[in-house]
Every structure is written in C-alpha cells, then in structure tokens.
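Residues per chain are reported as follows:
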Amino acid sequence: MIKSIRITPMLYIIFLMLPLYWLLTMALKTNTEILSGFSLWPKEPTLANFKTILTDASWYSGYINSTIYVVLNTIISISVALPAAYAFSRYRFMGDKHLFFWLLSNRMAPPAVFVLPFFQLYSSIGLFDTHIAVALAHCLFNVPLAVWILEGFMSGVPKEIDETAQIDGYSFGSFFVRIFMPLIGSGIGVAAFFCFMFSWVELLIARTLTSVDAKPIAAVMTRTVSASGLDWGVLAAAGVLTIVPGAIVIWFVRNHIAKGFALGRV
Amino acid sequence: MQRKVNQKAWFLVLPVFLLVAFSAVIPLMTVVNYSVQDSFGNNEFFWVGSEWFVEILNSDRFHDALGRQLLFSGIILAIEIPLGIWVALSMPRRGWGASVCLVLMALPLLIPWNVVGTIWQIFARADIGLLGHTLAAMGIDYNYTQSSLSAWITVIVMDVWHWTSLVVLLCYAGLCSIPDAYYQAAKIDGASRWAVFRYIQLPKMQRVLLIAVLLRFMDSFMIYTEPFVVTGGGPGNATTFLSIDLVKMAIGQFDLGPAAAFSLVYFLIVLLLSWVFYTVMTARDGAEA
C-alpha cells in the first residue's frame, strides 16, 4: 500500500525533471554534437558553452543588469511595503478595503496592458533603458505582492506585543525596527524572495523598457534565438545559469513557499 | 483580530499608494486617453468616443483570441487541479522525503518564463529534442511549428509542467493543517479511503483549492512569455492568446486606439475576476478571526 502510493510523486517528479535534464545535457554538448545526431547524454561533456557566456560581455552583462534591477526592485518593494502592511494588519482607516483590493488588482493586471504606456512614460521622463526604470515598473506587481504576504505574516503576531512595547516606552519607530521586524523576520525573508523571483522571471516589461545598457538576460536570450537560431548549446547554458539563483535559495523557503505563492493567505 | 480605527495609518500606506499610483494609474490614464482618440500622426489627436470599443467588441480577432484564451484556461484548470490534488494526497507528510519533494516540485515555478519556453523548445523539437525525437521514432506525426494541434498540446503540457506544482504546494499546505486525530477517528469508524478524502481532506482543502483555482485561472489568463517563445502565437494564429494579440497590436502594428480599447476591455475582465478572488480571500480571513 505504502509503496504504491509513493509512485505518484515519483512519476510526477520524473516528469518535471526530464526537460531540465535535457536542458543540462544540451548545455554540456557542442553544437556539432547537438545537430549531428541524437544521444541521451553528452558523449564528450564540455564546459565551452558556459565559458562563452562567462567571458563574452554581451552575455554576462545581461546577468549583471538583471541582478541590479531585481535587487533594486526588492529593496524598494520591501521598504515601502513594510509600513503599509503594518497599517493594514493593525488599523482600520478610511478606504482601507478599497485600497487593499486596488493593490491586488495590480498584482493580477496583465503586463501586456502596461507595456505600451510604460514605454512612453519612462521614455518621456528620460529613464528609458535604465535599471531604475525596470525596478520601478516591476513594483506594479511586486509591491502588492509584498504587502499581501507581509500582512499575512503580521496578522499572526499578537497585538499585545505592540501594546506592551508602547507601555514600556518604546517610540513607534524603535518598536517597529527593534522588536517587530525581528518577529516577522521569516516573513520579510519570504516576501523578499518572492519579489526577487517575480522580478527575475518577468520578461515582457523588462524587455520593452531596455535596449542596450540595462538589457536583462532574458532579452539577451531571445535575441540570440532570432539572430543565429542555431546556437542551442550556449542558449541551454544560459538557461541553466538563470535557474541557479532560484535553485540555491529554494531550500530555505521550502516551508513557506505555498504561503508566498498564495499571497500570504494559506 | 479586532483592529482599531486610526486615520493616521494613511501615513504608513502613503509610500505604497504613491509608488503604485505612479506605476499603475498614470500608465492606465494614458491607455484611457488613447482609447477614445484617433491620430493620423504628427501628434494630432481627435476625439472618437466609443468607436474603438465598438470596433474591438465586434471584431472577430478579439472574439477568437478570447475564445482561445478561455479554452486554454479551461483545459489547463481541468488538468492541473485534479493532478495537483492527486500528487499532493500521495506526498509524504514529514521527514526528509517531504522536503526533497517540496524542493524538486517547486523548481519549475522559479524558472524565468522565457527559459521555460526555451526548455520546451529544446525538449520538443523533432530534430534535437528528447520528446520530439521519441515521438518521431514512435511514428507519431508531431511538429509544433507546423500543426496547430501539436502546438496546442505543447503549450498545454508546458503549462502543466510549469504550474501544476503550485496546486500541489497549496493543497499540501492545506492537508498538513489537518490534525492526526481526524485520521485516527476515521480509522476507528472504519472509513474507506474515499470517505476520508470526501469528508475530511476535501473540506479542509476547500479554501486553498479555491485560491489555487483562482490564481491558476488569472495567471493563465494573462500568459504571454512561454507560448510566445515556443510558438510565437503560431502556427498561423492557433496559439495567439489575449496578451500575445494585444502586444502584436500595440507594439507590432502600433494601432494605439484599438490596442488601448482592447487593453481596457481585457483589464476590466481581469478586474472582475480579481474582485471574486478578493471576496474569497477576505471571506476566509473573516471566518478565521
């Protein structure tokens, strides 16, 4: 009985891993080997594709650009979301429900709707092709996400803590930074992880708002597909490298990952 | 939790309000602006009222894209939700096995969306792909760049691969919240496996499932990158979903007026769905408090 039950997750994981395995083998093959014949594993594993990416500026600058705007976005999102989430979890005020819903509607808004207006907005204020433009544009869905996730974690902290701190003579600022933030430390970590991730995986807006100086790795990859169309090995290697950051951090958030995806509501 | 009325809380929300207003309201106003005007270039615009809306709502192109979109969302929900529940039910609850399962299953969720497209492109191509090659060797006529059926199957399997784990993770979180005592009671009563699922597990999963369905529906409703990378909306228009069509119209053809009207109609549909989602979410919060 036990064994027959465990087969389902096993099969499911194999289904998930097969395309990833294929990506990895492609990354370890030379182009001639990819195109000359079909083989289940690389006959002569080579790291040449990875070397191409790590030594060619047009490739690795893509990773640097992506990292810069993703980190900027995460910092902005978390720092504005923290006080707002506290307000939503502790107080009632005029229009709070409408505001909360409005934030959600931005998380759900199709990026395609915003592509053209973003392009015009950031061009007109001279921020086109800068990292800060992409970071600000990604706030559209990351700030609501951070507010919702943090609010979920903050509502789990008993209100008595706030009151006790007030009686003990803490000002609001020092209470928030020295007592409250450590209490929801894991929540901040999870929110930061999800902001990082959703900004990292987004392509459409990032590609539209950049041309040369801030071009993200995702856009570099699409360009290579259309230009040469054949350099599968390098493309696969680039793909592998984009998965690495998520794969490293995932272990630390495994117990909160459902909560993060469900906007702090599981 | 009882919350105090305090209007000063607005100061805490103000930064978020300003930031999101900057990145949502200003662009949206631009869209509204375009949707009611026409231009012959030279930056001269004149008022056309609801003309673009009438045109979009009556155009076959919009109807077709919307139809394909609904069909796509419907199919992936019909596959991902049962599959996700089934996998979640059979996952180990504790120990290292559970952690390993969680990590491996969450992996596709963290892959950049265009890389998901690239992975499936490489995987499904008939000449170099594992899947494409195997199918070809078995004598099955499969080519996602030529046949619309193959393209649809590829896009759907890709989405199942990419997002079923979300359903699994949410259901798993719901299942983990069921106390052991429930199962022991069921055992004493001699309940069948089905009865345990129907009367204990399913009711406990109800709310997470609702969240999962809504999230999957909305995210699949605005899918762009993955099918764009794999099929580019083709062959023909076979996999041109709403977002792909909209971007084609706005950036490719630069039809600002119709594209803006399209955006607003699209946005209103999403807004309606968001409202359903919000009601579900907050009803749950209220029930628990």
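Residues numbered from 1 in each chain as written. Chains lettered and ligands numbered in written order. Predicted model: local features only at pLDDT ≥ 70, side-chain atom pairs only at ≥ 80, totals over all residues. Heavy atoms only, no water.

**Side note on the packing of helix 7 (residues 131–154) of chain A against helix 10 (residues 185–201) of chain A**
All names here are of chain A.
Part 1 of the reasoning: Running from amino to carboxyl end, helix 7 crosses helix 10 at an angle of 160 degrees, the nearest separation of the two axes being 9 Å. In this view, helix 7 runs roughly antiparallel relative to helix 10, as classed from their interaxial angle. Between helix 7 and helix 10 lies a crossing of right-handed hand. Contacts between helix 7 and helix 10 involve His138, Phe141, Asn142, Leu145, Ala146, Ile149, Leu150 and Phe153 on the former and, on the latter, Ser186, Gly187, Ile188, Val190, Ala191, Phe194, Cys195, Phe198 and Ser199.
Part 2 of the reasoning: Among the residues making up the contact of helix 7 with helix 10, the classes are represented as 12 nonpolar, five polar and no charged. (Axes fitted to C-alpha atoms, helices over the stretch in contact; angles between N-to-C directions. Helix = DSSP H or I, 4+ residues; strand = E, 2+ residues; numbered from the N terminus. Parallel < 35°, antiparallel > 145°, perpendicular 65-115°, else oblique. Left-handed = near helix turned anticlockwise from the far one by under 90°. Contact = heavy atoms within 4.5 Å. Nonpolar A, V, L, I, M, F, W, Y, C, P; charged D, E, K, R; others polar.)

**What to know about the pattern of salt bridges**
All names here are of chain B.
Part 1 of the reasoning: By the definition in use, this model includes five salt bridges over all chains.
Part 2 of the reasoning: The salt bridge partner of Asp245 is Arg61, with a shortest N-O separation of 3.0 Å. Taken as a pair, Asp245 in helix 11 (residues 242–252) and Arg61 in helix 3 (residues 60–90) lie far apart in primary sequence, 184 residues in all.
Part 3 of the reasoning: Several salt bridges share partner residues, and in doing so they unite Glu80, Asp159 and Arg216 into one network. (Salt bridge = Lys/Arg side-chain N within 4 Å of Asp/Glu carboxyl O.)

**Some remarks on empty space enclosed by the protein**
Part 1 of the reasoning: This structure, assessed with the given rule, holds four cavities of 30 Å³ or more.
Part 2 of the reasoning: Taken as a whole, the largest cavity holds about 330 Å³ of empty space.
Part 3 of the reasoning: Considering the residues around the largest cavity, the lining is formed by 20 residues, among which Arg107 and Pro111 of chain A together with Trp113, Asp219 and Met222 of chain B are closest to the centre.
Part 4 of the reasoning: Roughly 100 Å³ of internal volume is contained in the second largest cavity.
Part 5 of the reasoning: Lining the second largest cavity we find 16 residues, and of these Val113, Leu116 and Pro117 of chain A together with Ala250 and Ser263 of chain B sit closest to its centre.
Part 6 of the reasoning: Looking at the lining of the second largest cavity, the elements with two or more residues in it are helix 6 (111–124) of chain A together with helix 1 (9–35), helix 11 and helix 12 (256–288) of chain B. (1 Å grid on protein atoms, 1.4 Å probe; cavity = no way out; pocket = protein on both sides within 12 Å on 5 of 7 lines; lining within 4 Å. Points joined across faces, edges and corners; volume = space filled by probe spheres on them.)

**Quick notes on the interface of chain B and chain A**
Part 1 of the reasoning: With 99 residues of chain B at the contact, the number on the chain A side is 98 residues.
Part 2 of the reasoning: Between chain B and chain A, roughly 9100 Å² of surface is buried when both sides are summed, and carbon and sulfur atoms account for 80% of that area.
Part 3 of the reasoning: A salt bridge links Asp219 of chain B to Arg107 of chain A; its shortest N-O distance comes to 3.5 Å.
Part 4 of the reasoning: Summed over the shared surface of chain B and chain A, the result is 14 residue pairs in polar contact (both at pLDDT 80 or more).
Part 5 of the reasoning: The dominant element in the side of chain B that touches chain A, judged by the number of residues it contributes, is helix 1 of chain B, at 20 residues.
Part 6 of the reasoning: When grouped by side-chain class, the residues that make up the side of chain B that touches chain A number 75 nonpolar, 18 polar and six charged.
Part 7 of the reasoning: One ladder, built from two bridges, connects strand 1 (residues 91–92) of chain A with strand 1 (residues 4–5) of chain B; its direction is parallel. (Buried area = accessible area lost by both parts, 1.4 Å probe. Polar contact = N/O pair within 3.5 Å; in protein donor to acceptor, adjacent residues only side chain to side chain. Pairing = 2+ DSSP bridges.)

**Details of the packing of helix 3 of chain B against helix 9 (residues 193–221) of chain B**
Residues and elements named next belong to chain B.
Part 1 of the reasoning: Orientation of helix 3 relative to helix 9, taken along the N-to-C sense of each, is 145 degrees, at an axis distance of 10 Å. Here helix 3 runs over helix 9; the crossing is right-handed. Where helix 3 abuts helix 9, its residues Leu66, Gln69, Leu70, Phe72, Ser73, Ile76, Leu77, Glu80, Ile81, Ile85 and Leu89 lie against Arg193, Phe197, Gln201, Met205, Leu209, Val213, Arg216, Phe217, Ser220 and Phe221.

**Re the state of the cysteines**
Part 1 of the reasoning: Within the structure shown, the criterion is met by zero disulfides over all chains.
Part 2 of the reasoning: Not part of a disulfide, Cys171 of chain B finds its nearest cysteine sulfur in Cys176 of chain B, a span of 11 Å. (Disulfide = S-S within 2.5 Å.)

**Description of a nonpolar patch on the surface**
Residues and elements named next belong to chain A.
Part 1 of the reasoning: A surface patch of nonpolar side chains, about 700 Å² in accessible area, is lined by Ile7, Leu11, Ile14, Leu18, Tyr21, Leu40 and Trp41.
Part 2 of the reasoning: Mapped onto the fold, Tyr21 is located in helix 1 (residues 2–28).
Part 3 of the reasoning: Residue classification places Tyr21 among the partly exposed residues on the basis of a relative accessible area of 36%. (Patch = residues over 30% accessible without salt bridge, like charges linked within 9 Å, V, L, I, M, F, W, Y side chains within 5 Å. Areas by Shrake-Rupley, 256 points an atom, 1.4 Å probe, with all protein chains shown as cover. Buried < 20%, exposed > 50% of the residue type's maximum accessible area, 1.4 Å probe, protein only.)

**Considerations on helix 9 (residues 172–183) of chain A**
All names here are of chain A.
Part 1 of the reasoning: Residues of helix 9 that are buried: Phe175, Phe176 and Phe180. One side of helix 9 carries all its buried residues, which in axial view fall inside an arc of 95 degrees. Turned more than 90 degrees off the buried face of helix 9, the exposed positions are Val177, Arg178 and Pro182.
Part 2 of the reasoning: Of the surrounding secondary structure, the elements contacted by the buried residues of helix 9 are helix 4 (57–90), helix 7 and helix 8 (160–167). (Arc of directions from axis to C-beta.)

**Concerning the domain arrangement of chain A**
All names here are of chain A.
Part 1 of the reasoning: Partitioning chain A into domains gives domain 1 (1–46) and domain 2 (52–261).
Part 2 of the reasoning: Taken residue by residue, the interface counts nine residues in domain 1 and nine residues in domain 2.
Part 3 of the reasoning: When the two sides are added together, the surface that domain 1 and domain 2 hide from each other amounts to roughly 630 Å², 77% of it contributed by carbon and sulfur.
Part 4 of the reasoning: The largest share of the area that domain 1 buries against domain 2 comes from Leu23, Ala27 and Asn31, three residues that together contribute 57% of it.
Part 5 of the reasoning: Between the two partners, domain 1 and domain 2, sit zero salt bridges.
Part 6 of the reasoning: In this structure, the connection of domain 1 to domain 2 is made through zero residue pairs in polar contact (both at pLDDT 80 or more).
Part 7 of the reasoning: Breaking the side of domain 1 that touches domain 2 down by element, the ones donating at least two residues are helix 1 and helix 2 (31–36).
Part 8 of the reasoning: Here the element with the most residues in the side of domain 1 that touches domain 2 is helix 1; it accounts for five residues. (Domains from an automatic or database assignment.)

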